[in-house]
Amino acid sequence: MPAATANLVRPRRRSRPCRVAAQPTPFVFDASRAALVVIDMQNDFLSAGGWFDSRGIDLAPVRAVIEPVNRVAAAARRAAIPVIWLNWANRPDRLNLPLGVLRTGAYGKRLPKGRILERGSWGARIVPELRVARGDIHVGKSRLSGFWDNELDSILRRMDASTLFFAGVNLDRCVLATMQDAAFIGYDAVLLDDCSASASPAYCSEAARFLLGLLYGFVATSDSLIAALKKGKSRVT
């Protein structure tokens, strides 16, 4: 091929089908075209001294998913499935946030450990109990949905991902909104139920699970995904 010719041929990856037990039905996905998206596992939501803690919110429900997320992220890496950490990362001047979002007065408010969910702040960091690997991907967001005003969709399409597994907090807010948008723009979306939680009343999470399984994709568990990856021989060494 002449040196002046650009090569746009992309190598085709070997398909790695895996069958996952899920609701409302089991499904088969291609592990070579999947990604794990972990949402908002940040100090402001999960740690003492963060935003939720400053409001007197019980952190136990959201902290309960830390170890399940660690387990499924490790399994994803072994299977060469990209792990994407999708986190609030507001501009310090908050110029791209609409007034309807700013009306609460919370974003950017200063707490003893820094400004709430501001890019680079302590509150916006991933909680230290989560094991983040060098090759993981980090994407910031400034909306409930992780698909607006950022590069998430471009990254996923560049990686040729088609099936997205979702984990993180809060299930009835950012996880719900991001999974809905994933379905709207053509991805196959799967909620990992035991890896997702909310600080809201229990009925909010129940409603989110119901809607996500009914209208937008599937609801599975980390154990079912890990078992599928092992049985499907999608482990990469």
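What you are looking at is a predicted structure, and each value in this text was computed from that prediction instead of being measured. (Residues numbered from 1 in each chain as written. Predicted model: local features only at pLDDT ≥ 70, side-chain atom pairs only at ≥ 80, totals over all residues. Heavy atoms only, no water.)

Draft legend 1. How the structure looks around the environment of L215. For L215, the location among the structural elements is in helix α8 (residues 202–216). Given the relative accessible area of 53%, L215 is considered exposed. (Helix = DSSP H or I, 4+ residues; strand = E, 2+ residues; numbered from the N terminus. Buried < 20%, exposed > 50% of the residue type's maximum accessible area, 1.4 Å probe, protein only.)

Draft legend 2. Inspection of the layout of surface pockets at higher detail. Its boundaries defined by the atoms lining it, the largest pocket holds a volume of some 380 Å³. Along its surface, the largest pocket is lined by 21 residues, and W88, V101, Y107, L144 and R173 are the ones closest to its centre. Only α2 (51–54), α5 (99–102) and α7 (171–184) provide two or more residues apiece to the lining of the largest pocket. Take the lining of the largest pocket: its biggest share by element is three residues, from α7. By volume, the second largest pocket is sized at about 290 Å³. Taken together, R10, P11, R12, R13, S15, D30, S32, R33, R157, R158, M159 and D160 make up the lining of the second largest pocket. Looking at the lining of the second largest pocket, its residues break down into two nonpolar, two polar and eight charged. (1 Å grid on protein atoms, 1.4 Å probe; cavity = no way out; pocket = protein on both sides within 12 Å on 5 of 7 lines; lining within 4 Å. Points joined across faces, edges and corners; volume = space filled by probe spheres on them. Nonpolar A, V, L, I, M, F, W, Y, C, P; charged D, E, K, R; others polar.)

Draft legend 3. Structural view of helix α4 (residues 66–78). For α4, built from 13 residues, the straight-helix expectation of 18 Å at 1.5 Å per residue is met to within 8% by its first-to-last C-alpha distance of 19 Å. Residues I66, P68, V69, N70, V72, A73, A75 and A76 constitute the buried set of α4. Of the residues trailing α4, A80 is marked for its positive phi of about 60°. (Expected span 1.5 Å × (residues − 1).)

Draft legend 4. Fine view of unusual backbone geometry. The omega angle of the peptide bond from Q23 to P24 is 5°, so this bond is cis rather than trans. Here the amide bond leading from V169 into N170 is cis, since omega sits at -15°, within 30 degrees of zero. Relative to the assigned elements, N170 resides in the loop between β8 (163–169) and α7. A positive phi angle is found at R94, which is not glycine, with a value near 55°. As for its placement among the helices and strands, R94 is situated in the loop between β4 (83–88) and α5.

Draft legend 5. Summary view of the environment of E129. With respect to the element layout, E129 can be found in the loop between β6 (114–115) and β7 (137–141). Along the backbone, E129 and I66 are 63 residues apart, and their C-alpha atoms lie at a distance of 7.2 Å. Ignoring any residue separated from it by four or fewer positions in sequence, one finds E129 in contact with R63, I66, E67 and N70. At 2.9 Å, the side chain of E129 and the side chain of R63 are in polar contact. (Contact = heavy atoms within 4.5 Å. Polar contact = N/O pair within 3.5 Å; in protein donor to acceptor, adjacent residues only side chain to side chain.)

Draft legend 6. Structural view of the sheet that holds strand β9 (residues 188–197). Spatial strand order, β7-β4-β3-β8-β9-β10: six strands in an open sheet with parallel pairing. Since the sheet does not close on itself, it has two edges, and those belong to β7 and β10 (217–220), each with one partner. Adjacent strand axes in the sheet meet at a mean angle of 25°, parallel and antiparallel pairs treated alike. Inspection of the sheet shows β4 paired to β7 by five bridges, in the parallel sense. The residue of β7 that forms the bridge with L86 is V139. Together, β9 and β10 form the strand contacts of α8, whose direction differs from that of β10 by roughly 135°. (Pairing = 2+ DSSP bridges. Axes fitted to C-alpha atoms, helices over the stretch in contact; angles between N-to-C directions.)

Draft legend 7. Representation of the side chain of S198 within the structure. Topologically, S198 is positioned in the loop between β9 and α8. By relative accessible area, S198 is classed as buried at 7%. A polar contact of 2.5 Å, which involves the side chain of S198, links it to the side chain of D172. Here the side chain of S198 touches S200 through a polar contact of 3.0 Å, landing on its backbone nitrogen.

Draft legend 8. Broad picture of the state of the cysteines. Across all of its chains, the model carries zero disulfides by this definition. Among the cysteines around C18, which has no disulfide bond, C195 carries the closest sulfur, lying 17 Å off. Considering cysteine sulfurs only, C204 is the nearest to C174, which forms no disulfide, with 14 Å between them. (Disulfide = S-S within 2.5 Å.)

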